[in-house]
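Reading the structure
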Amino acid sequence: MLDSVTPFLSNPLWFYKRPRKRSCYRSSQKQNKTKQNNKTSMSCSTPFKMRLVHLDLKGAPPKVSYFSEVFPLFHALGANGLLIEYEDMFPYEGHLRLLRAKHAYSHSEVTEILRLARLSELEVVPLVQTFGHMEFVLKHAAFVHLREVALFPNTLNPHEAESLALVKDMIDQILELHRGVRWLHIGCDEAVASHVVSQHPGTTPLVWDDMLRDIPQEQLQASGVPQLVEPVLWDYGADLDVHSKIFLMGKYQECGFQRLWAASAFKGATGASQALPPVEHHIRNHEQWLQVAGRGPVDSLQGIILTGWQRYDHFSVLCELLPVGIPSLAACLQSLVHGGFGDDVKLRVQHFLGVSSLETMDPVSEGAGSFPGSDIHALVTQISLHLHSSVDILLERNRFVTGWFSPYHRRRKYIHPVMIQHIQPEALSLLNRWSNLVQQLEAALQLTFYPDTVEEWLEENVLPSMQRLQGLLQDLGEAAAPRPPPASPGWDTGQNP
């Protein structure tokens, strides 16, 4: 696999020195492959044969055009597969058609996504949630009767025959468009696993392992589950307990599971409303998984899934957008490829992406990044780090605002005229500065995402601060209009003491 990475990483500045073209990855890969025979290939030190990047499409699903840009980058950084969690972005048919989101991919778009994945040598593994995390299904009136608990739409009632039929239909429709896949992630359910194995031979179900961890070893061994599925051990913590993971791997092997998987995180695991991924946290998480793989049973891990959650559930807010998570993903993938994240790997990733730092980008400027979506990354970083705080400084720490235009003054639209000259220019300057950056971000987001994503992200992360600024300026304008002073014991009425 590393053969494809060698031409890029043998010269860390290879990509950074080129003009910023949105389609340069694939063409440059082809050009550099012809030079491979003249280069000394690097040895891949990763214990993970499969390295799957998770695409969580239940929030901020990118347009297909963005996948055409970013898939070659995934491959170049060391990924060789994708775990695609479609949720309501899949073009379900028949009685399941109502599950489609407003901007759900069409059949032809899914086919194009799969074609783009093949071009970048990324093996696709679809993910279908079964029984748990079913909000996108059970929120609809047509399926409310299938809830396990009537009030909550997250879990399907496993005792209803219609529930199993529903899940089987979802799986069959997805596998119809993903013929020949070696794996299908089904969340966790034995009955569904049996259906996959019997109706789709050659496709092995993957399951999250948290439902298996506490089952007694003898019971798990006798259940027949180890012959049906491959468990995915997930842990997204920077302080992952290596010894407990090794112990768990041993337990699963003794129960009869032939292959195991790991699941890490490059974003979407440190806060439901997180806007910027803490890169050091995610790098540490992958370094811990490298320790697990290195010290655990030999060749027991089939691969690792680098999860990139976009929502904590169907109803939660958006966390880090995919373009914003690219530097973290690059660092994590390269950590896996090279067996760690030393200074040489760090510099290689920074040069490769055209950034000066992986934690926070330089101030917005031309050339702040050279990867697909780097403009979104740079602008989101600026806004997330400075918009709210800059408004707070003006409204809560500016002595003219706090001293002469407090909430009490603003409600009464009352201010000393000279103070308008101290407050208004700074407020206007701040509003204009942020309005310009927000316009740039909105334009960049519109190229990559659908309108509902653009609207949601801006309304959640930008609008509150902008409204505070606009409110201050509106109150200033109204206070500047001539009006008689209020007759209040708290104000000077003009009488001599």
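This structure is a prediction, so every number in the text was calculated from the model and none was measured.

A closer look at the overall build of the protein chain
- Helix and strand content of the protein chain: 18 helices and 10 strands.
- Within the span of the protein chain, comprising 497 residues, buried residues form 55% of the whole.
- Once local pairs closer than 6 in sequence are excluded, the contacts in the protein chain between residues at least 24 apart make up 74%.
- Total accessible area on the protein chain is roughly 21,900 Å²; 51% of this is exposed by carbon and sulfur atoms.

Comments concerning a negative patch on the surface
- Side chains of Asp 452, Glu 455, Glu 459 and Glu 460 sit close together on the surface and give a patch of like negative charge.
- Mapped onto the elements of the fold, Glu 459 is located in helix H17 (residues 451–461).

What about the nonpolar core?
- Among the nonpolar cores identified, the biggest contains 96 residues, and Phe 71, Phe 74, Leu 82 and Ile 326 are the most heavily contacted of them.
- Element by element, the count of residues in this core is highest for helix H3 (residues 64–77), at nine residues.
- Formed by 40 residues, the second largest nonpolar core is a distinct cluster that contains Phe 400, Val 401, Val 438 and Leu 458.

Quick look at the side chain of Lys 267
- Turning to its location among the elements, Lys 267 is positioned in strand E9 (residues 260–267).
- Among buried charged residues, Lys 267 stands out as having no salt bridge; its nearest opposite-charge side chain is Glu 320, 5.4 Å away.
- Side-chain polar atoms of Lys 267 contact the backbone oxygen of Gly 308, separated by 3.4 Å.
- A distance of 3.1 Å separates a polar side-chain atom of Lys 267 from the backbone oxygen of Trp 309.

Describing the pattern of salt bridges
- Scanning the entire structure with this criterion turns up 17 salt bridges.
- Close ionic contact of Arg 259 with Glu 230 constitutes a salt bridge, the shortest N to O distance being 3.7 Å. Highlighted residues: Arg 259 in the loop between helix H9 (242–255) and E9 and Glu 230 in strand E8 (residues 230–234), separated in sequence by 29 residues.
- When salt bridges with common partners are traced through the structure, they connect Arg 410, Lys 413, Asp 475 and Glu 478 into a single cluster.

A look at the packing of aromatic side chains
- The full count for this structure, using the stated rule, is 10 aromatic pairs.
- Measuring from ring centre to ring centre gives 6.0 Å for Phe 71 and Phe 74, while their planes differ by 40°; the resulting arrangement is tilted. Placement of the pair is Phe 71 and Phe 74 together in helix H3, with a separation of three residues, close to one helical turn.
- Put simply, the rings of Phe 67, Phe 71, Phe 74 and Tyr 105 pair up and form one aromatic cluster.
- Over the ring of Tyr 408 we find Arg 412, and its NZ or CZ is 3.6 Å from the ring centre.
- The cationic tip of Arg 433 hangs over the ring face of Trp 434; the distance from NZ or CZ to the ring centre is 4.4 Å.

As for the side chain of Thr 130
- Turning to its location among the elements, Thr 130 is positioned in the loop between strand E3 (123–127) and helix H5 (135–138).
- Its relative accessible area of 3% is what places Thr 130 among the buried residues.
- Only 2.4 Å separates the side chain of Thr 130 from the backbone oxygen of Ile 186, close enough to count as a polar contact.

Things to note about the pairing of E3
- Of all five residues that make up E3, four are buried, and the element is covered over most of its length.
- Note: strand E2 (residues 81–85) against E3, five bridges, orientation parallel. Across the sheet, Leu 82 pairs through a bridge with Val 124, a residue of E3.

Some details on the environment of Ser 435
- Here Ser 435 shows up in helix H16 (residues 417–448).
- In the structure, Ser 435 is positioned 27 residues away from Val 462 in sequence and 9.8 Å away in space, judged by C-alpha atoms.
- Here the side chain of Ser 435 touches Leu 431 through a polar contact of 2.7 Å, landing on its backbone oxygen.

Quick word on unusual backbone geometry
- One non-glycine residue with positive phi stands out, namely His 133, at about 55°.
- Within the secondary structure, His 133 is located in the loop between E3 and H5.
- A positive phi is found at Asp 299, a non-glycine position, where the angle reads about 55°.
- Here Asp 299 shows up in the loop between helix H10 (279–295) and strand E10 (301–308).

Quick word on the pairing of strand E7 (residues 204–208)
- A large share of E7 lies buried, amounting to four of its five residues.
- Where strand E6 (residues 183–185) and E7 come together, three bridges link them in parallel fashion. Within E7, the position partnered with His 185 by the bridge is Leu 206.

Some words on a nonpolar patch on the surface
- Taken together, the side chains of Val 149, Leu 151 and Phe 152 define a hydrophobic patch exposed on the protein surface, amounting to about 310 Å² of accessible area.
- If you trace the backbone, Leu 151 turns up in the loop between strand E4 (147–149) and strand E5 (152–156).
- The exposed category is assigned to Leu 151, whose relative accessible area is 64%.

Some thoughts on helix H11 (residues 322–338)
- Its 17 residues place the ends of H11 23 Å apart at the C-alpha level, agreeing with the 24 Å of an ideal helix rising 1.5 Å per residue.
- Of all the bends in H11, the greatest measures close to 35° and is centred on Ser 328.
- Along H11, 16 of the 17 residues are buried, which leaves the element largely enclosed by surrounding structure.
- Just downstream of H11, Gly 339 is the residue with a positive phi angle, here 75°.

Some words on H3
- Relative to the 20 Å expected for 14 residues at 1.5 Å per residue, H3 spans 20 Å between its end C-alpha atoms, a close match to the ideal helical length.
- Val 70 marks the point of greatest bend in H3, at about 30°, and the proline Pro 72 comes within the next four residues.
- H3 sits mainly inside the fold: 12 of its 14 residues count as buried.
- When we look at burial in H3, the residues that qualify are Val 64, Tyr 66, Phe 67, Glu 69, Val 70, Phe 71, Pro 72, Leu 73, Phe 74, His 75, Ala 76 and Leu 77.
- After H3 finishes, the residue Gly 78 shows a positive phi value of roughly 125°.

Analysis parameters
Residues numbered from 1 in each chain as written. Predicted model: local features only at pLDDT ≥ 70, side-chain atom pairs only at ≥ 80, totals over all residues. Heavy atoms only, no water. Helix = DSSP H or I, 4+ residues; strand = E, 2+ residues; numbered from the N terminus. Buried < 20%, exposed > 50% of the residue type's maximum accessible area, 1.4 Å probe, protein only. Contact = heavy atoms within 4.5 Å. Areas by Shrake-Rupley, 256 points an atom, 1.4 Å probe, with all protein chains shown as cover. Patch = residues over 30% accessible without salt bridge, like charges linked within 9 Å, V, L, I, M, F, W, Y side chains within 5 Å. Salt bridge = Lys/Arg side-chain N within 4 Å of Asp/Glu carboxyl O. Lys, Arg positive; Asp, Glu negative; His and termini not counted. Charge placed at Lys NZ, Arg CZ, Asp CG, Glu CD. Core = buried A, V, L, I, M, F, W, Y, C linked by side-chain atoms within 4.5 Å. Polar contact = N/O pair within 3.5 Å; in protein donor to acceptor, adjacent residues only side chain to side chain. Phe/Tyr/Trp six-rings, centres within 6.5 Å; stacked < 30°, edge-to-face > 60°. Lys NZ or Arg CZ within 6 Å of the ring centre and 35° of its normal. Pairing = 2+ DSSP bridges. Expected span 1.5 Å × (residues − 1). Bend = angle between axes of the 7 residues up to and from the residue.

That is the geometry; function is a separate question.
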